[in-house]
Amino acid sequence: MKVLGIDPGLANTGFGIVESVKGNLHLISYGVIETSSEESHEIRLLAIYNRLSAVIEEFKPDVAEMETLFFARNTTSALAVAEAKGVISLCAAQNAIPIFNYTPNQIKYSVCGTRNADKETVQNCVKILLKLKNPPSPDHAADALAGAITHINSIGL
């Protein structure tokens, strides 16, 4: 099973594809879809859609995982991320890819064994779990990989 993990954001949408084969995790690809604040809001959302469509076309994941929104303070950021999540959900739906959602705490616990892990700890745990030489970077991509791993762990593959 190939899982596309997504860390949604307007400026940076992390993605990571992990495959589970007979209980072993394999890194397929990861990266970040970046948009510029100099572009109009609509163009930024279109860029996320187009680039994610290309990732889906290239790697053909079976399912997707997307981190749930959690914003305590900044509603402006929350709205922009919510719009990015909408575009991502549309893209997945058009490609018949079901999306599963996990909270940041569920992802941290699944990958690191603690809900209090910081970004660096998540990166290092993903490195270990995927048997990489270096931690995946930037952190948006590492978070997406951690989400994909969480989904694989949650369904017991």
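Residues numbered from 1 in each chain as written. Predicted model: local features only at pLDDT ≥ 70, side-chain atom pairs only at ≥ 80, totals over all residues. Heavy atoms only, no water.

A.B. asks: Would you mind going over the overall build of the chain in detail, with residue names and values included?
C.D. replies: Regarding its fold elements, the chain presents five helices and five strands. Mapped in sequence order, the helices and strands of the chain form the string β-β-β-α-β-α-β-α-α-α. Taking 157 residues into account, the globule formula puts the C-alpha radius of gyration at 15 Å, and the chain, at 15 Å, falls close to it. For the chain, the C-alpha atoms occupy an extent of roughly 45 × 35 × 25 Å along the three principal directions. Taken across its 157 residues, the chain has 43% of its residues classed as buried. Here the analysis covers contacts within the chain between residues at least 6 apart in sequence; of these, 59% occur between residues at least 24 apart. Carbon and sulfur atoms make up 51% of the accessible area of the chain, which totals about 8100 Å². Distance between charge centres in the chain, computed from 13 positive and 16 negative side chains, equals 8 Å. (Helix = DSSP H or I, 4+ residues; strand = E, 2+ residues; numbered from the N terminus. Rg over C-alpha atoms; globule rule 2.2 N^0.38 Å. Buried < 20%, exposed > 50% of the residue type's maximum accessible area, 1.4 Å probe, protein only. Contact = heavy atoms within 4.5 Å. Areas by Shrake-Rupley, 256 points an atom, 1.4 Å probe, with all protein chains shown as cover. Lys, Arg positive; Asp, Glu negative; His and termini not counted. Charge placed at Lys NZ, Arg CZ, Asp CG, Glu CD.)

A.B. asks: Can you break down helix α3 (residues 104-112) residue by residue, with the values?
C.D. replies: Considered for burial, the residues of α3 that qualify are Ile107, Val111 and Cys112. Each buried residue of α3 lies within a common arc of 95 degrees when the element is viewed along its axis, so the set occupies one face. Against β4 (63-67), β5 (99-102), α4 (119-129) and α5 (139-155) lie the buried residues of α3. (Arc of directions from axis to C-beta.)

A.B. asks: Requested: an account of the pairing of strand β2 (residues 12-21), with residues and values cited.
C.D. replies: Burial of β2 is extensive: seven of the 10 residues sit out of reach of the surface. With six bridges connecting them, strand β1 (residues 2-7) and β2 associate as antiparallel partners. Within β2, the residue paired with Leu4 across the bridge is Ile17. Counted between consecutive antiparallel strands, the loop separating β1 from β2 contains four residues. Counted along the chain from β2 to the antiparallel partner strand β3 (residues 24-34), the turn is two residues long, and its residue Lys22 has a positive phi close to 50 degrees. (Pairing = 2+ DSSP bridges.)

A.B. asks: Before we move on, can you summarise the layout of surface pockets with the specific residues and values?
C.D. replies: Taken as a whole, the largest pocket spans an internal volume of roughly 500 Å³. Counting residues per element, the ones that place at least two in the lining of the largest pocket are α2 (75-94), α3, α4 and α5. The class makeup of the residues in the lining of the largest pocket is 12 nonpolar, five polar and eight charged. (1 Å grid on protein atoms, 1.4 Å probe; cavity = no way out; pocket = protein on both sides within 12 Å on 5 of 7 lines; lining within 4 Å. Points joined across faces, edges and corners; volume = space filled by probe spheres on them. Nonpolar A, V, L, I, M, F, W, Y, C, P; charged D, E, K, R; others polar.)

A.B. asks: Explain the environment of Cys91 to me, using residue names and the numbers behind them.
C.D. replies: With respect to the secondary-structure elements, Cys91 resides in helix α2. Between the C-alpha atoms of Cys91 and Ser53, which are 38 residues apart in sequence, the distance is 6.5 Å.

A.B. asks: With reference to specific residues and values, describe the side chain of Glu65.
C.D. replies: Locating Glu65 in the fold gives a position in strand β4. Leave out the neighbours within four places in its chain, and Glu65 touches Val3, Leu4, Gly5, Ile6, Phe100, Tyr102, Ile107, Ala144, Gly147, Ala148 and His151.

A.B. asks: Can you tell me about the sheet that holds β3, naming the residues and giving the values?
C.D. replies: Strand order in the open sheet formed by five strands is β3-β2-β1-β4-β5, and the pairing between neighbours is mixed. Strands at the two margins of the open sheet, each flanked by one partner only, are β3 and β5. Pairs of neighbouring strands in the sheet enclose a mean axial angle of 20 degrees, with direction left out of account. Packing against the sheet, α3 makes contact with β4 and β5, and its axis sits at approximately 85 degrees to β5. (Axes fitted to C-alpha atoms, helices over the stretch in contact; angles between N-to-C directions.)

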